[in-house]
Amino acid sequence: MKEILESFGIKVKNEELLLNALTHSSYSNEHNTSNYERLEFLGDAILEVITSEYLFLNTDYNEGDMSKIRASYVCEEALYNYAKDIRLKDYIRVGHGQEKNINSTIIADVFESIIAVIYLENNLEITKNFVLKLILPYIENNVQFVHDYKSLLQEMVQTDKKSLDYVLIKETGPAHEKEFTIEVQIDGMIYGRGIGKSKKEAEQNAAQDAYQKSVVKGEKRCF
């Protein structure tokens, strides 16, 4: 991983810190070492600052639009794609039971941890240059990361073993022009609401609402 970072002109002297950023809790539990969880917390905040500043300085969007765009480019699927660009998965350390399940969530978390290491070992400006080199091609090409919010939400909820339900709360309009309102509930609590011309569309919009709210709050999983 050190060589990958050096190809971007980034130096990391603290190799133990870098190893921690690449270490999943399943590995640290087996080997009594530190893992990436604290670094992930810091990296998440740094990514928000960098993307927020870019949108503020380079667009004239209102607060709501900037929040939605930022959410799209710091969501789990986006981070997973940035991580693929630097072959991050090849360097992640996991325990024996996790070896065949280095999923997108783990990869996205490690990417945030690497951002934290770059920041701690260098400075915000160098970190910003690194992040924007990876993100800007996706922004400039208007890449849309999340197409199926229901599947993404389902994956999140399964990770935390909680129940997910789509509840029809309103149905209006004549037979040929129905409008459906759906609430998405997780363990009985309402997390999002969506409206559509079909139940399927309303469910997808409700899942999107729940997911984007969680990311705007600075979380990839909030359930």
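Residues numbered from 1 in each chain as written. Predicted model: local features only at pLDDT ≥ 70, side-chain atom pairs only at ≥ 80, totals over all residues. Heavy atoms only, no water.

Remarks on the overall build of the protein
This is how it is decided: A run of DSSP states H or I qualifies as a helix once it reaches four residues; a run of E qualifies as a strand once it reaches two. Both are numbered from the N-terminal end. Relative accessibility decides the category of a residue: with a 1.4 Å probe and only protein chains considered, values under 20% of the type maximum give buried, values over 50% give exposed, and everything between is partly exposed. Contacts: residue pairs with any heavy atoms within 4.5 Å of one another. Under the convention used here, Asp and Glu are negative, Lys and Arg are positive, and both His and the chain ends fall outside the count. Just so you know, the charge point we use is NZ for Lys, CZ for Arg, CG for Asp and CD for Glu.
Helix and strand content of the protein: 10 helices and three strands. When the elements of the protein are put in sequence order from the N terminus, they spell out α-α-α-α-α-α-α-α-α-β-β-β-α. Going through the 223 residues of the protein one by one, you find that 46% of them count as buried. A sequence separation of at least 24 residues applies to 58% of the contacts in the protein between residues at least 6 apart. Treating the 26 positive side-chain charges of the protein as one cloud and the 36 negative ones as another, the clouds have centres 2 Å apart.

Overview of the pattern of salt bridges
Heads up, the rule is: By definition here, a salt bridge exists when the distance from a side-chain nitrogen of Lys or Arg to a carboxyl oxygen of Asp or Glu is within 4 Å.
Considering all chains together, one arrives at seven salt bridges under this definition. Glu203 serves as the salt-bridge partner of Lys150, at 2.7 Å between the closest nitrogen and oxygen. With Lys150 in helix α9 (residues 149–159) and Glu203 in helix α10 (residues 199–216), this pair connects stretches of sequence that are 53 residues apart. Across the pair Glu183 and Arg193 runs a salt bridge, and its minimum N-O distance is 2.5 Å. In this pair, Glu183 is assigned in strand β2 (residues 179–186) and Arg193 in strand β3 (residues 189–196), connecting sequence segments 10 residues apart. Of the residues examined, Arg193 reaches a relative accessible area of 47% and is grouped as partly exposed. In the salt-bridge network here, residues are joined through shared partners; they are Glu53, Glu125 and Lys128.

Brief notes about unusual backbone geometry
In the Ramachandran plot, Asn32 falls in the positive-phi region, its phi being about 55 degrees despite a non-glycine side chain. As for its placement among the helices and strands, Asn32 is situated in the loop between α3 (25–31) and α4 (37–58). Its relative accessible area of 73% is what places Asn32 among the exposed residues. Of note in this structure, Arg87 is not a glycine but carries a positive phi near 55 degrees. Among the secondary structure elements, Arg87 is positioned in the loop between α6 (76–85) and α7 (104–121). The exposure class assigned to Arg87 is partly exposed, which follows from its relative accessible area of 47%.

Notes on the packing of helix α5 (residues 63–74) against α6
Condition: Every axis in this analysis is a line fitted to C-alpha atoms, fitted for helices over the stretch in contact. Angles between the N-to-C directions lie between 0 and 180 degrees. Angle categories: roughly parallel below 35 degrees, roughly antiparallel above 145, roughly perpendicular from 65 to 115, and oblique for all the rest. Polarity classes work like this: nonpolar for Ala, Val, Leu, Ile, Met, Phe, Trp, Tyr, Cys and Pro, charged for Asp, Glu, Lys and Arg, and polar for all others, with Gly in that last group.
The geometry of α5 relative to α6 is characterised by a closest axis approach of 5 Å and an angle of 45 degrees between their N-to-C directions. Taken as axis vectors, α5 and α6 run oblique relative to one another. Residues Ser72, Tyr73 and Val74 of α5 form the contact with α6, whose own contacting residues are Glu76, Ala78, Leu79 and Tyr82. In the contact of α5 with α6, the residues fall into five nonpolar, one polar and one charged.

Brief notes about the nonpolar core
Our working definition: The set of buried Ala, Val, Leu, Ile, Met, Phe, Trp, Tyr and Cys residues whose side-chain atoms join them within 4.5 Å is what this entry labels a nonpolar core.
Counting 61 residues, the largest nonpolar core has Met1, Leu5, Tyr82, Leu88, Phe111, Ile114 and Phe130 as the members making the most contacts within it. If you tally residues by element for this core, the top one is α7, at 10 residues.

Some details on the packing of α4 against α5
The cut-off we apply is this: Put simply, a crossing is left-handed when the front helix is turned counterclockwise from the back one by less than a right angle, and right-handed when it is turned clockwise.
For the pair α4 and α5, interaxial distance at closest approach is 10 Å and the crossing angle is 135 degrees. Of the possible angle classes, the one that applies to α4 and α5 is oblique. Handedness of the crossing formed by α4 with α5: right-handed. Contacts between α4 and α5 pair Leu47, Glu48, Thr51, Ser52, Leu55 and Phe56 from the former with Met66, Ile69, Arg70 and Val74 from the latter. Grouping the amino acids of the contact of α4 with α5 by side-chain chemistry returns six nonpolar, two polar and two charged.

Observations concerning the confidence of the model for the protein
Our working rule: pLDDT measures the predictor's confidence residue by residue and takes values from 0 up to 100.
Looking at the protein, the pLDDT average stands at 87 and 93% of residues meet or exceed 70. The model gives residues 216–223 a pLDDT under 50, and that stretch makes 28 contacts with residues more than four places away or in other chains.

Re α7
Put simply, the test is: To estimate how far a helix should reach, multiply one less than its number of residues by 1.5 Å. Polar contacts, as counted here, are pairs of nitrogen or oxygen atoms within 3.5 Å of one another; within protein the pair requires one atom able to donate a hydrogen and one able to accept it, and residues that are adjacent in sequence qualify only if both atoms are side-chain atoms.
The end-to-end C-alpha separation of α7 is 26 Å, in line with the 26 Å expected for 18 residues at 1.5 Å each. Regarding α7, its N-cap is Asn103, as a side-chain oxygen of that residue lies 3.2 Å from the backbone nitrogen of Thr105 further along.

Quick look at α4
Side chains that are three or four residues apart share a direction in an α-helix, a result of its 3.6 residues per turn. Here α4 contains 22 residues, and its C-alpha end-to-end distance of 32 Å stays within 8% of the 32 Å for a straight helix at 1.5 Å per residue. All buried positions along α4 are accounted for by Leu39, Glu40, Gly43, Asp44, Ile46, Leu47, Glu48, Ile50, Thr51, Tyr54 and Leu55.

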